[in-house]
Structures are given as C-alpha cells and as structure tokens.
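Spelled out, the chains give:
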Amino acid sequence: MTSGKLRVVVTRRLPEPVETRLRELFDVDLNLDDAPMSREQLADAMRRADVLVPTVTDRIDQRLLAQAGPDLKLIANYGAGVDHIDVETARQRGILVSNTPGVLTEDTADMTMALILAVPRRLKEGLRLIENDEWAGWSPTGLTGRRITGKRLGILGMGRIGQAVARRARAFGMQIHYHNRRRLHRSIEESLEATWWESLDQMLARMDVISVNCPHTPATYHLLSSRRLKLLKPTAYIVNTSRGEVIDEAALARMLRAGELAGAGLDVFEREPEVNPELKGLDNVILLPHMGSNTIEGRIEMGEKVIINIKTFADGHRPPDLVVPSML
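Residues numbered from 1 in each chain as written. Predicted model: local features only at pLDDT ≥ 70, side-chain atom pairs only at ≥ 80, totals over all residues. Heavy atoms only, no water.

Trainee: Can you help me understand the packing of helix H5 (residues 105-118) against helix H7 (residues 160-171) in this one?
Mentor: In a packed pair of helices, the relevant descriptors are the angle between the two axes and the axis-to-axis distance. As a packed pair, H5 and H7 sit with axes 9 Å apart at the nearest point and diverge in direction by 50°. Here H7 runs oblique to H5, going by the angle between their axes. The two elements H5 and H7 meet at a crossing, and its hand is right-handed. In this structure, H5 uses Thr105, Glu106, Thr108, Ala109, Asp110, Thr112, Met113 and Ile116 to contact H7, whose residues at the interface are Arg160, Ile161, Ala164, Val165, Arg167, Arg168 and Ala169. (Axes fitted to C-alpha atoms, helices over the stretch in contact; angles between N-to-C directions. Helix = DSSP H or I, 4+ residues; strand = E, 2+ residues; numbered from the N terminus. Parallel < 35°, antiparallel > 145°, perpendicular 65-115°, else oblique. Left-handed = near helix turned anticlockwise from the far one by under 90°. Contact = heavy atoms within 4.5 Å.)

Now the structure itself:
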C-alpha cells in the first residue's frame, strides 16, 4: 500500500470519469491499451494489488487465485456476472468478491426486446437488401415476418432483467410465461400477468419466443441442451442476452441450419470471443458482440458501484454488493 492508499489494479479501460475518480481515491494501475490481460499479467496484478478490478474477459480460477499475493483482499468485479471468478476459492483464501448488480437491468432488457422484435420481423434481411442495392421495391409478399402481439414469451430466469423484459413484452401484447428456480411472489406475477411453469420442458414446448435471462452457473450450464432445444416448436425463436454457456451452441446451430427453429438473436456466445461459424451467414440469425448492457450511462454507473464497493471496503466495512457462494 502506497501513501496509505489501497493499491488497485484495473484490468481493462473504463469510462474516463470512472478512471479519474479511481485515481483521486486510490493508488491505481490502469490498463491504458485495453488489451485483455494474459494469465501471466493477471497473476502479476494479483501479486501486487490490494484490490483487483477485473471484467468478464478475465478468468480468475483456482490456479490463478493460488498465485495471489497476501495483500489481495478484494476482487471488485466490473460487471454483474461473476461466473468467470471462482468465488468459493476466493472466500477460502480470505478474498472478498463484489459485483455491480442492478445498474444494467434496463439496458439489457432493452437489447433483449430489440432482438425479440428484430428477428421475427427479418430486419437483418431488410438491411442487407438496402445495403447491397438489391431492393426492387415494395411487394405484398416481400420479407413477410411474424407478428409478436399475442405470442407466448417464455422467460428463462425471472430476476431483475427477466422481469424488466416481461414489462416491455407486455407493452407489445405478448403473453408472459416464465421458468425460475423459485416461483415469484403472487403480487409480482399478477403485476406482470405472468404464468409460472414448474417444468421447463413443458414451457419450452409451448412457447413462440424464448428469452434466456438466467446467469451462468454450474446448474445452468447447457440448461438448454440438445434434448431441450428439440422440444421447441419449429416456428419458435430464441433470444439470449445472458450467457452463452446456458445454451448448447453447437446443437442450436445445427437446428437453425436444418430449419428446425425459426430464428435466433444472440448477444453472447459459449466461447467468447469465438463464435461458432455455423451460426454465421444465416438470414434468420442476428449475432451481436456482447453489447446488451453497453450504454454510456450504464458503464459509468457500473464504475460508480465498483468505487463504492472499494471505498466501503477501505473504510473497514462490508462492500454493499458482496457476492457469497450461496447466491450462485
């Protein structure tokens, strides 16, 4: 620790206002070129830091945590998801983990709704026609899509983001259904006009659109397996703005290519930044580079939460967004 200030290492570039405030409060090492750190660079950062500020691109597993220095006491994650951090091992080594929940809810729900609208209405194909000067003019049967009003939306994971998606989808006249590990309170169900399905299999078989909004945990890895994907109607669409690992990506690609699903909108992938090449080049698939939560306002609010977590820790108190294994 230098001059009584915590030594904070930040693994990626953050919005300028966030970096400025971090410099004012702490002894900070910034990653000015924004390239993801290698394993060796992460290990070095963990050896010399009091606080590490990683992002989703940094895989902090048991082997990396074993190389942490004695001063590392907090991993203040810049992001809500912590599936890239071995939280249990960190706690065993006396290292707290915090995250930034809540601030990305509305942004992610907006992107989810954008994909729910864009894929059935064939926006990708329409854009391509215009960009390639291939549009011959309006036609009664040209690029006919699917109406979403009246369709059944099945939300997988009804936390903050799932509920925000439900509110938006209701405004478009969709019927709201959901599967969650715990049923919501009746008052929430009533306000969202949402129907709970205890059986995920039964829900999948009856939905027109599936929105994946659950976190990636050991329990949700390939939750939408090849077997479950085959339960979907061939006219159904899948949208995923959560984590790619929840879906068996190879099985999804095979079904889309075989015409066994109507389409998909994917903002996340199983092996980011790699994207299964079988998903590319399909007119009925929109692929986005993990940008669902990427707004200026959201990124700054994430940084503010990171700062609050670090400052609270520095003052000797429990970070307000502390992550514990029982939450995962």
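Trainee: I would appreciate a short explanation of the UniProt feature "domain: D-isomer specific 2-hydroxyacid dehydrogenase NAD-binding" (unreviewed entry) in the protein in the present structure.
Mentor: The residues that UniProt annotates with the feature "domain: D-isomer specific 2-hydroxyacid dehydrogenase NAD-binding" (unreviewed entry) are residues 113-292. Summarising residues 113-292: 29% helix, 16% strand, and an end-to-end C-alpha distance of 10 Å. (UniProt positions renumbered as here; feature names shortened; annotations may be inferred.)

Trainee: I would appreciate a short explanation of the domain arrangement of the protein in the present structure.
Mentor: For an interface, size is often stated in terms of accessible area lost upon the parts coming together. Assigned domains within the protein: domain 1 (7-102 + 295-327) and domain 2 (104-287). Using C-alpha coordinates to define each centre, domain 1 is positioned 31 Å away from domain 2. Taken together, the contacts link ten residues of domain 1 with seven residues of domain 2. When residues of domain 1 are sorted by the area they lose upon contact with domain 2, Asp83, Gly102 and Thr295 head the list and together hold 54% of the total. Ionic pairing is found between Asp83 and Arg243, a salt bridge with its closest N-O pair at 3.2 Å. At the junction of domain 1 and domain 2, the tally comes to five residue pairs in polar contact (both at pLDDT 80 or more). Partitioned by chemical class, the residues of the side of domain 1 that touches domain 2 number four nonpolar, four polar and two charged. (Domains from an automatic or database assignment. Buried area = accessible area lost by both parts, 1.4 Å probe. Salt bridge = Lys/Arg side-chain N within 4 Å of Asp/Glu carboxyl O. Polar contact = N/O pair within 3.5 Å; in protein donor to acceptor, adjacent residues only side chain to side chain. Nonpolar A, V, L, I, M, F, W, Y, C, P; charged D, E, K, R; others polar.)

Trainee: Explain the pairing of strand S11 (residues 263-266) here, please?
Mentor: On a regular strand, one side chain projects to one face of the sheet and the next to the other, so that they alternate. Burial along S11 is two-sided: the face carrying Gly263 and Gly265 and the face carrying Ala264 and Leu266 are both buried. Bridge analysis of strand S10 (residues 237-240) against S11 gives four bridges, and the strand direction is parallel. Bridging from a neighbouring strand, Asn240 pairs with Leu266 of S11. Pairing geometry for S11 and strand S12 (residues 285-287), over three bridges, is parallel. Its bridge partner lying in S12, Ala264 is registered against Val285. (Buried < 20%, exposed > 50% of the residue type's maximum accessible area, 1.4 Å probe, protein only. Pairing = 2+ DSSP bridges.)

Trainee: What exactly am I supposed to notice about helix H12 (residues 296-314) here?
Mentor: For the α-helix, the turn length of 3.6 residues means that residues three or four positions removed from each other point alike. Over its 19 residues, H12 extends 27 Å from the first C-alpha to the last, a length consistent with the 27 Å expected when each residue adds 1.5 Å. Elements that come into contact with the buried residues of H12 comprise strand S1 (7-10), helix H1 (16-25), strand S3 (51-53), strand S4 (74-76), strand S5 (96-98) and H5. Phi turns positive, to about 90°, at Gly316, one or two residues after H12. (Expected span 1.5 Å × (residues − 1).)

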